[in-house]
Amino acid sequence: MILSLRTALETDLPAIMQVLEAGRGIMLASGNPNQWAAGYPTEQMVLADIRHDYGKVLEAEGQIVAYFACIPSPDPTYAVIEGGAWLDDEKPYFVVHRIASYPQVHGVFKTMMEYLDSITDNIRIDTHKDNHIMQHNLAKYGFRYCGIIHIASGAERLAYQRLQ
């Protein structure tokens, strides 16, 4: 399956929300029921991503099969890190949020990383302690664990960074 990446459009919103629901299902099935609880991510969040040109979709055969948001620094959520330190706290970075795909689609993380490598050499990402699928992908693509951050709700997330 060949994946192509493009910037999301507002007209993509229904398809993106279906992908996010599929991602929620993957999390539930893999023992991670709490990361995207309470309707996260919301349509309003995704619309904000899209309106700032942060939302990205991956398509296969003309159908949206994955979504993520790629947001330039600074991210206020990453201002304080506990139990560690960022690999570099000076250079601008991009943050990746809301990664989701259909379970039968493979190569999403690889395609996303190829795109990110074309725009930056400094990436930060966070995930729930129960998201072992994401932790595996982060290790595979050279991310290093940096410590704990707290999202807006106050919940803890494992924070990672990759410098090229």
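Mapped onto the elements, isoleucine 99 comes out in strand 4 (residues 94–101). For the pair isoleucine 99 and arginine 144, spaced 45 residues apart in sequence, the C-alpha separation works out to 18 Å. Ignoring any residue separated from it by four or fewer positions in sequence, one finds isoleucine 99 in contact with Trp36, Tyr67, Phe68, Phe109, Met112, Ile125 and Met134.

Bringing the nonpolar core into the picture now. Residues Val96, Ile99, Phe109, Met112, Met113, Ile125 and Phe143 are the most contacted members of the largest nonpolar core, which totals 24 residues. For this core, the secondary structure elements donating two or more residues are strand 2 (55–60), strand 3 (63–72), strand 4, helix 3 (108–119), strand 5 (122–127), helix 4 (132–140) and strand 7 (156–163). With five residues, helix 3 is the largest single contributor of residues to this core. Membership of the second largest hydrophobic core comes to 17 residues, among which are Met17, Val19, Tyr67 and Ala69.

A separate point is the sheet that holds strand 2. Spatially, seven strands are ordered 1-2-3-4-5-7-6 in an open sheet, and the strand pairing comes out mixed. Each having just a single partner strand, strand 1 (4–7) and strand 6 (144–150) make up the two edges of the open sheet. With strand direction ignored, the average angle separating the axes of adjacent strands in the sheet is 30°. Summarising the sheet, strand 3 and strand 4 pair through six bridges and their orientation is antiparallel.

Once that is clear, we can look at the pattern of salt bridges. A complete count under the given rule lists ten salt bridges for this structure. A salt bridge links glutamate 59 to arginine 6; the nearest nitrogen and oxygen atoms lie 3.1 Å apart. Note that glutamate 59 is positioned in strand 2 and arginine 6 in strand 1, a separation of 53 residues in sequence. Arginine 124 is the partner of aspartate 89 in a salt bridge, and the nearest nitrogen-oxygen pair spans 3.1 Å. With aspartate 89 in the loop between strand 3 and strand 4 and arginine 124 in strand 5, this pair connects stretches of sequence that are 35 residues apart. According to the relative accessible area criterion, arginine 124 is buried, its value standing at 1%. Put simply, Arg6, Asp12 and Glu59 are held in one network by salt bridges that share partners.

Pairing of strand 6 with strand 7 involves six bridges; the strand directions are antiparallel. The residue bridging tyrosine 145 from the neighbouring strand is tyrosine 160, located in strand 7. Counted between consecutive antiparallel strands, the loop separating strand 6 from strand 7 contains five residues, among which glycine 154 sits at a positive phi close to 100°.

Okay, the pairing of strand 7 next. For strand 7, the buried fraction is high: six of the eight residues fall into the buried class. Sheet topology places strand 5 next to strand 7; six bridges connect them, and they run antiparallel. Residue asparagine 122 lies in a different strand from strand 7, and its bridge partner there is leucine 163.

Mapped onto the elements of the fold, aspartate 126 is located in strand 5. One buried charged side chain, aspartate 126, makes no salt bridge at all; its nearest oppositely charged neighbour is arginine 157, positioned 4.4 Å away. A distance of 2.4 Å separates a polar atom in the side chain of aspartate 126 from a polar atom in the side chain of tyrosine 78. Ignoring sequence-local partners within four residues, the contact set of aspartate 126 consists of Tyr78, His97, Ile149, Ile151, Arg157, Leu158 and Ala159.

About the criteria used
- Residues numbered from 1 in each chain as written.
- Predicted model: local features only at pLDDT ≥ 70, side-chain atom pairs only at ≥ 80, totals over all residues.
- Heavy atoms only, no water.
- Helix = DSSP H or I, 4+ residues; strand = E, 2+ residues; numbered from the N terminus.
- Contact = heavy atoms within 4.5 Å.
- Core = buried A, V, L, I, M, F, W, Y, C linked by side-chain atoms within 4.5 Å.
- Buried < 20%, exposed > 50% of the residue type's maximum accessible area, 1.4 Å probe, protein only.
- Pairing = 2+ DSSP bridges.
- Axes fitted to C-alpha atoms, helices over the stretch in contact; angles between N-to-C directions.
- Salt bridge = Lys/Arg side-chain N within 4 Å of Asp/Glu carboxyl O.
- Lys, Arg positive; Asp, Glu negative; His and termini not counted.
- Polar contact = N/O pair within 3.5 Å; in protein donor to acceptor, adjacent residues only side chain to side chain.

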